[in-house]
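As a plain string of letters, each chain reads:
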Amino acid sequence: MIKKLSLIILLAITMNVYSQDGELLRHWDSNANLISWSPDSAYTVFHARFELPRPGTLNQVDLRFSGDTGRCIIYLFGHEGGTVYPSYIQPLYEIPYGYLKTETGETKYSVYPDNVFLDNTQFWVVVTGMTPGMNLLMDDVKREPNCSSGSGGNNTYMLTQSQTAQISGPYAYAIDCYFDYESSATSPAYLKSVTTDKGLKDDIKCKTMAAADYNGDDYIDLLVTGNLYLNNGDGSFTDKTSDAGLSGTPASNIFADMDNDGNLDILFVDVENETQVYLGDGAGNFTKETLSDFPLDLGGVNGVSLTDLDKDGYLDVFIAGLASPWPQPAPNYLFYNKGSKSLEFEDKTNQLVKEKWTNSEYPQNPNRMSRGSMWIDYDNDGDQDLFIPNYRLHPDEFYKNNGDGTFTDICQEEGIDISENTGGSNHGTGVDWADYDNDGDMDLLLCQFAHPRYIAEGADHRTTTVYKNKGSKFNYSFEDTYDPEAPNGGNGIELEETFSGGTWGDVNNDGLVDFYETVYYGCKFVKLYIQNTDHTFNLKTWEYGIEHLTTGEDAIWADIDNDGDLDLITGYMDTDESYKLNLLENTMAADNNYIDIKLEAQYGNKFAVGARVKVYAGSDVYEQEINLGRGQLMQEPYRLHFGIGKNSSVDMIAVRWYGNQFYKEYSSETGNTFTINAINKLKQEEGSNINEITNEIAGSLGVSSYPNPA
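Since the structure is predicted, the reported quantities are computational estimates derived from the model, not experimental observations.

**Digging into the overall build of the protein**
Point 1. Each helix and strand in the protein was counted, giving two helices and 53 strands.
Point 2. Relative to its length of 710 residues, the protein is compact, with a C-alpha radius of gyration of 27 Å against a globular reference of 27 Å.
Point 3. In terms of overall dimensions, the protein has a C-alpha envelope of 90 × 55 × 50 Å along the principal axes.
Point 4. Classification of the 710 residues of the protein by burial places 61% in the buried group.
Point 5. Sequence separation of at least 24 residues holds for 65% of the intrachain contacts in the protein that already meet a minimum separation of 6.
Point 6. For the protein, the exposed surface amounts to about 25,600 Å²; the carbon and sulfur share of it is 45%.

Here is the structure:
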């Protein structure tokens, strides 16, 4: 978080006595010679970049000058989107500091920021408007960049800028910063990389990942870019790829019961120029079939999401296309499963009716560059709706299910993915839905790639935001929690240039879902945001030990060792700048309780995809929906994990089973008891039809009720 305050310009003469407030942060060598340097007179802006070792409050900045008398302006910038020089141009103070140098030779000037808290990986001290003949000093020690990447650039400690160019140097400006740090020097590093320790390979790509219990032993297994891993029952894994007969590298892999026999199958999309399914028997054995109704060589697949649209018990498939060949937008597809055991599908893509839009780059191409997808019942009507984030400033798509087999794109109508600058769209890169404010409806985490320099120029680039679902009282419309005029967007989410995917998960089991965001490109780093009780967020990446992690497209939360907290299945950037599998074990041991819910459907699709579960614990109510295929080629577990905070018991669980729309309450009155800090299984029984229940019951489940609590 960065706090930005107004301050008058300070013009001061050189003083001989300085107070030093806090712990020193210095990148220059105090034993080295101090020199001045500028390529030529055109370079008038001097950037000093600082690596923040841990979150803290900046109290004092000391700058050293030489040369003639004169004046200059001093700015303090925060993270600036993680770029290699400040291009977002959002100073921590609306009015900068001014320094009047009244003596020739070497001088020192101190500024004293007021209440500037920094928690990201870098910040900047920038000097500009310096009188000719006056110099900003630096050391003469050559050093390598703090971070160097072919895709993300070089993070040096100094850079000078003209109106048309920037030049980085190997030195460091003689600037000292003093901090009151929030924590000890060592991070608790709650998320620890255990990939190889747990029997997983750390050299397989993490482009598509799925988590589910495919053999029914209540431990989460993994499927990573065509590699199948069986959980051994202790959070470690055994490679079962060859035993299962799997081969090839699919664009997407997912655990899904394609023939609705109650056993999880494995779906490979776009592998060896076809789509394949490995039919499972529940005991770890698989039989390969080819789905001949899918196009050959789909190309550009970047999202796969399944649900039972016609409620016949068989899963239908949506495929999101990015580009093929790059940057030609690839098509999206919607395939309906015809049912029975035939594994036949029908192309019904034309049911998705888009808002009219013309691609200025390829006006003859009607497709948009899609980076992910997800089905969700956003309006609590029992039907599955579809959200598609689109890249390259192509408008996102948000398809409302009309209940008659047709869909209407309501994205623009709902005010989603509309920039406040010109009204255009942004770089959508990921999507997840959750009831983040526990008010009974699903809210949208929309991940967005955003170039800071274009934001400063007024272009259509915005960072990640949360769209709050306003519920039935407002016809399930949305409120953008992002405020462009407020520090960190008003919701606590800081600008990061290369956000890719993002995923909700209650990391500390306090009953409020948090979220993790992945990034593209080297020297760009992931972010973990912990939710506050006012539904804003605090950046806590350092505390979890992942402040310098670069990952790739997306990630999954799953409790892989059944110890009651969510572990993170993500990526890391290898030396060749490819993204590989990275399993991070959650070791926080938060003093909160949880309950896991596993649904066993008897009617409709057997893994209850689309079902809605509501947990009542004391005065708190928590809600989740079972989804299949999220964001950029990810699959979360079917088993739902609820943090319940300090609640020591669960009073009732309500389930809206999907398909036949039966609603059932489970409590002591129905002979059900629940064990907290454990997995609880609920088997479907006939209950009230959702169309016949009272408004009171409907309201308790969040089904088209009024009023919707704030």
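That was the structure; now back to the text.
**A closer look at the sheet that holds strand β19 (residues 227–231)**
Point 1. Pairing within the open sheet is mixed, and its five strands lie in the order β20-β19-β18-β17-β48. Each edge of the open sheet is held by one strand with a lone partner, namely β20 (237–239) and β48 (634–635).
Point 2. Sheet analysis places strand β17 (residues 209–212) next to strand β18 (residues 221–224), joined by four bridges and oriented antiparallel. If you follow Ala211 over to β18, its bridge partner there is Leu222.

**Overview of the pairing of strand β40 (residues 527–531)**
Point 1. Burial runs high along β40: five of the five residues are buried.
Point 2. The pairing of strand β39 (residues 514–519) with β40 spans three bridges and is classified as antiparallel. What sits directly across from Phe515, in β40, is Tyr529.
Point 3. Note: β40 against strand β41 (residues 537–539), three bridges, orientation antiparallel. Within the sheet, the bridge partner assigned to Tyr529 lies in β41 and is Leu539.
Point 4. Between β40 and β41, which pair antiparallel and follow one another directly, the connecting turn spans five residues, one of which, His535, has a positive phi of 70 degrees.

**Some thoughts on the packing of aromatic side chains**
Point 1. Tallied over the full model, the rule gives 35 aromatic pairs.
Point 2. With centroids separated by 4.5 Å and ring planes inclined at 10 degrees, the aromatic side chains of Tyr99 and Tyr109 adopt a geometry described as stacked. Placement of Tyr99 in strand β6 (residues 97–101) and of Tyr109 in strand β7 (residues 107–111) is noted, with a sequence separation of 10 residues between them.
Point 3. On the numbers, 6.1 Å between centres and 20 degrees between planes, the contact of Tyr436 with Phe537 is stacked. With Tyr436 in the loop between β34 (427–434) and β35 (443–449) and Phe537 in strand β41, the pair connects residues that are 101 residues apart, well separated along the chain.
Point 4. One aromatic cluster is present, built from ring pairs that chain together Tyr378, Phe387, Phe398, Trp433 and Phe478.

**Focus on the pairing of strand β4 (residues 56–67)**
Point 1. Summarising burial for β4: 10 of the 12 residues are buried, a large majority.
Point 2. Of the pairings in the sheet, the one linking β4 to strand β8 (residues 116–118) comprises three bridges and is antiparallel in character. Within β8, the position partnered with Gly56 by the bridge is Leu118.
Point 3. Relative to strand β15 (residues 175–181), β4 runs antiparallel, the two being bridged by seven bridges. Considered in β15, the bridge of Leu58 is made with Phe179.
Point 4. Direction of pairing for β4 relative to β7: antiparallel, over a ladder of five bridges. Bridge pairing in β7 places Phe65 opposite Thr107.
Point 5. The pairing of β4 with strand β10 (residues 134–139) spans three bridges and is antiparallel. Directly across from Ser66, in β10, lies its bridge partner Asn135.

**Overview of the sheet that holds strand β30 (residues 374–376)**
Point 1. The five strands are arranged β29-β33-β32-β31-β30 in an open sheet whose pairing can be described as mixed. A strand with exactly one partner marks an edge of an open sheet, and here the two such strands are β29 (352–353) and β30.
Point 2. Strand direction decides the pairing type here: strand β31 (residues 385–388) and strand β32 (residues 397–401), joined by three bridges, are antiparallel. If you follow Ile388 over to β32, its bridge partner there is Glu397.

**Brief notes about the environment of Lys527**
Point 1. Along the chain, Lys527 falls in strand β40.
Point 2. With 28 residues separating them in the primary sequence, Lys527 and Phe499 have C-alpha atoms 8.9 Å apart.
Point 3. Filtering out sequence-adjacent residues up to four positions away, Lys527 remains in contact with His79, Asn120, Glu496, Phe499, Phe515, Tyr516, Glu517, Leu539 and Thr541.
Point 4. Side-chain polar atoms of Lys527 contact the backbone oxygen of Phe525, separated by 2.8 Å.

**What about the state of the cysteines?**
Point 1. Taken as a whole and judged by the stated rule, the model has one disulfide.
Point 2. Paired by a disulfide, Cys147 and Cys523 hold their sulfur atoms 2.1 Å apart. Handedness of the Cys147-Cys523 disulfide follows from its S-S torsion of about -95 degrees: it is left-handed. You can see Cys147 sitting in strand β11 (residues 147–149) and its partner Cys523 sitting in the loop between β39 and β40, a full 376 residues away along the chain.
Point 3. For Cys147, a relative accessible area of 18% gives the class buried.
Point 4. Among the cysteines around Cys177, which has no disulfide bond, Cys72 carries the closest sulfur, lying 15 Å off.
Point 5. Take Cys177: its relative accessible area is 0%, and that puts it in the buried class.
Point 6. Cys206 takes part in no disulfide bond, and the closest cysteine sulfur, belonging to Cys447, lies 15 Å away.
Point 7. Under the relative-accessibility criterion, Cys206 is labelled buried at 2%.

**Comments concerning unusual backbone geometry**
Point 1. Going from Ser324 to Pro325, the amide bond is cis rather than trans, its omega being -10 degrees.
Point 2. Tracing the chain through its elements places Pro325 in the loop between β26 (316–321) and β27 (333–337).
Point 3. Cis peptide bonds are those with omega within 30 degrees of zero, and the linkage from Trp326 to Pro327 qualifies with 0 degrees.
Point 4. As for its position among the elements, Pro327 is in the loop between β26 and β27.
Point 5. One non-glycine residue, Ala589, lies in the positive phi region at around 55 degrees.
Point 6. Within the secondary structure, Ala589 is located in the loop between β44 (579–586) and β45 (593–600).
Point 7. Look at Ala589 and you get exposed, because its relative accessible area is 63%.

**A word on the pattern of salt bridges**
Point 1. Throughout the structure, instances matching the rule amount to 31 salt bridges.
Point 2. Here Lys201 makes a salt bridge to Asp239, at a shortest N to O gap of 3.6 Å. Taken together, the residues Lys201 in the loop between β16 (191–193) and β17 and Asp239 in strand β20 connect sequence positions 38 residues apart.
Point 3. Between Arg630 and Asp432 there is a salt bridge, with the nearest N and O atoms lying 3.9 Å from each other. Of this pair, Arg630 sits in the loop between β47 (620–625) and β48 while Asp432 sits in strand β34; the two residues are 198 residues apart in sequence, bridging distant segments of the chain.
Point 4. Here Asp432 falls in the buried class, since its relative accessible area comes to 5%.
Point 5. A cluster of three or more residues bridged by salt bridges with shared partners is formed by Asp377, Arg612, Lys614, Glu623, Glu625 and Arg656.

The rules behind these values
Residues numbered from 1 in each chain as written. Predicted model: local features only at pLDDT ≥ 70, side-chain atom pairs only at ≥ 80, totals over all residues. Heavy atoms only, no water. Helix = DSSP H or I, 4+ residues; strand = E, 2+ residues; numbered from the N terminus. Rg over C-alpha atoms; globule rule 2.2 N^0.38 Å. Buried < 20%, exposed > 50% of the residue type's maximum accessible area, 1.4 Å probe, protein only. Contact = heavy atoms within 4.5 Å. Areas by Shrake-Rupley, 256 points an atom, 1.4 Å probe, with all protein chains shown as cover. Pairing = 2+ DSSP bridges. Phe/Tyr/Trp six-rings, centres within 6.5 Å; stacked < 30°, edge-to-face > 60°. Polar contact = N/O pair within 3.5 Å; in protein donor to acceptor, adjacent residues only side chain to side chain. Disulfide = S-S within 2.5 Å. Salt bridge = Lys/Arg side-chain N within 4 Å of Asp/Glu carboxyl O.

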